[in-house]
Structure formats: structure tokens, C-alpha cells
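Inside the fold
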Amino acid sequence: MLEVFAEILEENQKNSVQNPKDYFVNGLLYCGKCRTPKQTRSELFGIIQKPYVPCQCEIEKERKEKEAQQAWERSLKIAQIRAKCFIDKRLEEWTFANDNHQGDASAMDSVHQYALNFSEMLKDGKGLLLYGAQGVGKSYAAACVANHVMDDGYTCVMTNFSRIINIISGMFQGKQEYIDTLCRNDLLIIDDLSAERSTEYADEIVMNVIDTRCTFGLPLIVTTNLTSAQMKQEENISKKRIYSRLYEMTIPIEYTGEDRRKYAMRENYQKYKELLHLSA
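The notes below deal with the structure included here. These numbers come from a predicted model, not from an experiment.

Rolled over the atoms, a probe with the dimensions of a water molecule shows which regions are left empty. Computed from the structure, the second largest pocket encloses a volume of approximately 230 Å³. If you go around the second largest pocket, the residues you meet are Lys77, Gln80, Ile81, Lys84, Thr155, Cys156, Val157, Tyr178, Thr181, Leu182, Arg184 and Asn185. Ranked by the residues each element gives to the lining of the second largest pocket, the list is headed by helix H2 (residues 56-85), at four residues. Split by residue class, the lining of the second largest pocket holds five nonpolar, four polar and three charged.

Right, here's the structure in full:
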């Protein structure tokens, strides 16, 4: 036992690094930088030893190194999550911070509050239904939420039903497994509902995804150019079921205002008009 103890003490002393400015107080080594002890007295089996202990600056150095490692691991994880989220990588720049404030300010504020309170929304399984005319900022707002929650470490996928239907149509097996995997993300965003082809088969897939998401109790964000009246007055039974389930799972927010795409087109036209010396 004494031999084992001696080996431990010897190994401990190897870890003790004495710097030129270190000094001794009552026989114990002190750090010349932070002026805290690098040794302590202990007695075991009647033997008094002075084992190494980390001083405060060494403890602080270790803490910072650990935080840096954790920050690197976190940034790597977020990069991997974001890489799986967007079909179009440009959406990574669609953030609340980059918003040009040319859309519906009231609706955008509500969406921002949703993102800020996402942990609560995740717990409740409550999503958003962003509806309104084309180009008023619904997709931008949804991508802002995606980027915000991913920065907090949540998993997210932003896609559309046209893509989902095409993927499933090309599969011979594993269709439900694909839907289940898609729906297990902390947040699922379906952009531009009603843009997909309208068939009985397509409606079945749309309903399957929404029902699966509801079964998992996880939030869903959907954007659509449909109006509230169109969804509520829908007569097609399949679509009526879809819209009814969406209203059950989400908080509806209407987006109004000018088509942001037209504004961007005007800006681009002015730029190229000057470059090409166009008169009209």
C-alpha cells in the first residue's frame, strides 16, 4: 500500500510545474502570478507530504480551455444541423437581424416572439400557420425562426410538400420511415402549402406528414398563399381535413403588405438600368 501511495505522490509531483516567479510560504509553493498555493500539506499513514494542487490561474486556464472546446463542439453541431435544414443555402442568411423591415412589422414581431419562446412552444407542440399573399415575407419569417432555434441547438428542417411527395414517389419501401425521420426534428417547416400538385395521392402524403407530426407532439410551421376564408370554406373533404388539423396544431398569423419580391425586382432593375445605360 505504501508503495502505491508513493507512486501516486511521485506522479503528482511530476504535474507540479514551478515557474521562475513562484515562491514559498511556510514551506509551500505559491504561484507568482495569482499568489495562490500550488501545494498543500496532507498526512497519510503517518507521512506528511506536499502534493500538488492547481492554483487559481491554472484553474481559470482549464476552465477557459473547457469552454472553448464546448463552444467549438457546439458550433460544429449547429453547422451540421443547419446543413440538413435548408434546400437553398441562401436561407442561412434569412435572420431576424438581417430583416430589412419592409414586410408586415406586426406579424414579424409575433413570429420573433415565437422564436424567443420556442422552448415553451416545443413543450406544448404548438406551431405557426403563416398565411397571406405571395411575397409578403412568410417564407423569410419561417427561415428566421429556423435559424434562431438552430442557434439554440434545436434540430430543424425546412422543406415543402412538392419535394416530400417527389422523394416518397421514388421510394419502393421505407416511405413511413422517411416521414417519421423527417417529423422527429424539433421543428418542421413546410413552405408554400398548396403549391404542390393536387391529387388524392398527394393529399394522402400531406395528411400523413401532418398527422405524424401531431402524433409526435412536435411543432409545425406552415406557410401558404391561401387565405383564411379559403381554408375554412374548403369543400374538398381531404383538404378540409388537412386545414382543420393545421388550425388545431398551429397559431394562425396573417401576413399583409406589399410583395417584397417586387420591391427587390425594382431595386435590381435600377441597378442594371444604370449599368447598361438603359433609358426606360
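Attention now goes to the side chain of Thr212. Relative to the assigned elements, Thr212 resides in helix H8 (residues 200-216). The class for Thr212 is buried, based on a relative accessible area of 8%.

This part takes up the nonpolar core. Residues Val111, Leu130, Val145, Leu187, Ile221 and Tyr255 are the most contacted members of the largest nonpolar core, which totals 33 residues. Of all the secondary-structure elements, those providing two or more residues to this core are H2, helix H3 (105-116), helix H4 (118-124), strand E5 (127-132), helix H5 (138-151), strand E6 (156-159), strand E7 (187-193) and strand E9 (250-255). In terms of residue count, the dominant contributor to this core is H5 (nine residues).

Let us look at the pattern of salt bridges. Taken as a whole and judged by the stated rule, the model has nine salt bridges. For the salt bridge of Asp203 with Lys239, the shortest nitrogen-to-oxygen distance reads 3.2 Å. With Asp203 in helix H8 and Lys239 in helix H10 (residues 237-249), this residue pair connects regions lying 36 residues apart in the sequence. Overall, Asp203 belongs to the buried group, its relative accessible area being 8%. One salt bridge in this structure joins Glu248 and Arg245, with 3.2 Å as the shortest N-O distance.

In this section: the packing of aromatic side chains. Scanning all chains against the criterion turns up four aromatic pairs. Between Tyr23 and Tyr30, the aromatic rings sit 5.7 Å apart at their centres with planes inclined by 25°, giving stacked as the arrangement.

A separate point is the sheet that holds E7. Sheets are built from strands paired through backbone hydrogen bonds, the pairs being either parallel or antiparallel. The strand order across the open sheet built from five strands is E6-E7-E8-E5-E9, with neighbouring strands paired in parallel fashion. A strand with exactly one partner marks an edge of an open sheet, and here the two such strands are E6 and E9. The average angle at which neighbouring strand axes cross in this sheet is 15°, direction not considered. In the packing of H8 onto the sheet, contacts are made with E7 and strand E8 (220-224), and the angle to E7 comes to roughly 150°.

With five of five residues buried, E8 lies mostly within the body of the structure. Of the two faces of E8, the one lined by Leu220, Val222 and Thr224 and the one lined by Ile221 and Thr223 are each fully buried. Pairing analysis gives four bridges linking E7 to E8, with the strands arranged parallel. Within the sheet, the bridge partner assigned to Ile190 lies in E8 and is Val222. For the handedness criterion, the β-α-β arrangement of E7, H8 and E8 is classed as right-handed.

Glancing now at unusual backbone geometry. Leave glycine aside and you will find that most residues have negative phi; peptide bonds, for their part, are mostly trans. A positive phi angle is found at His101, which is not glycine, with a value near 60°. Within the secondary structure layout, His101 lies in the loop between H2 and H3. On the accessibility criterion, His101 (66% relative accessible area) is exposed. Even without being a glycine, Ser194 presents a positive backbone phi close to 90°. Mapping Ser194 onto the fold places it in the loop between E7 and H8. The class for Ser194 is partly exposed, based on a relative accessible area of 33%.

This paragraph deals with H5. With 14 residues, H5 ought to run about 20 Å at 1.5 Å a step, and its terminal C-alpha atoms sit 20 Å apart, in line with that. Among the 14 residues of H5, 13 are classified as buried, and the element is accordingly described as predominantly covered. Where H5 terminates, the next one or two residues include Gly153, which has phi positive at roughly 95°.

This part takes up the environment of Ile81. Inspection of the secondary structure puts Ile81 in helix H2. Judged by its relative accessible area of 10%, Ile81 is buried. When the C-alpha positions of Ile81 and Met150 are compared, they lie 7.0 Å apart, and in sequence the two are 69 residues distant. When neighbours within four sequence positions are excluded, Ile81 is seen to be in contact with Met150, Gly153, Tyr154, Thr155 and Cys156.

Reading the values: the criteria
- Residues numbered from 1 in each chain as written.
- Predicted model: local features only at pLDDT ≥ 70, side-chain atom pairs only at ≥ 80, totals over all residues.
- Heavy atoms only, no water.
- 1 Å grid on protein atoms, 1.4 Å probe; cavity = no way out; pocket = protein on both sides within 12 Å on 5 of 7 lines; lining within 4 Å.
- Points joined across faces, edges and corners; volume = space filled by probe spheres on them.
- Helix = DSSP H or I, 4+ residues; strand = E, 2+ residues; numbered from the N terminus.
- Nonpolar A, V, L, I, M, F, W, Y, C, P; charged D, E, K, R; others polar.
- Buried < 20%, exposed > 50% of the residue type's maximum accessible area, 1.4 Å probe, protein only.
- Core = buried A, V, L, I, M, F, W, Y, C linked by side-chain atoms within 4.5 Å.
- Salt bridge = Lys/Arg side-chain N within 4 Å of Asp/Glu carboxyl O.
- Phe/Tyr/Trp six-rings, centres within 6.5 Å; stacked < 30°, edge-to-face > 60°.
- Pairing = 2+ DSSP bridges.
- Axes fitted to C-alpha atoms, helices over the stretch in contact; angles between N-to-C directions.
- Contact = heavy atoms within 4.5 Å.
- Right-handed = clockwise from strand over helix to strand, strands pointing away.
- Expected span 1.5 Å × (residues − 1).

Structural measurements only, silent on function.
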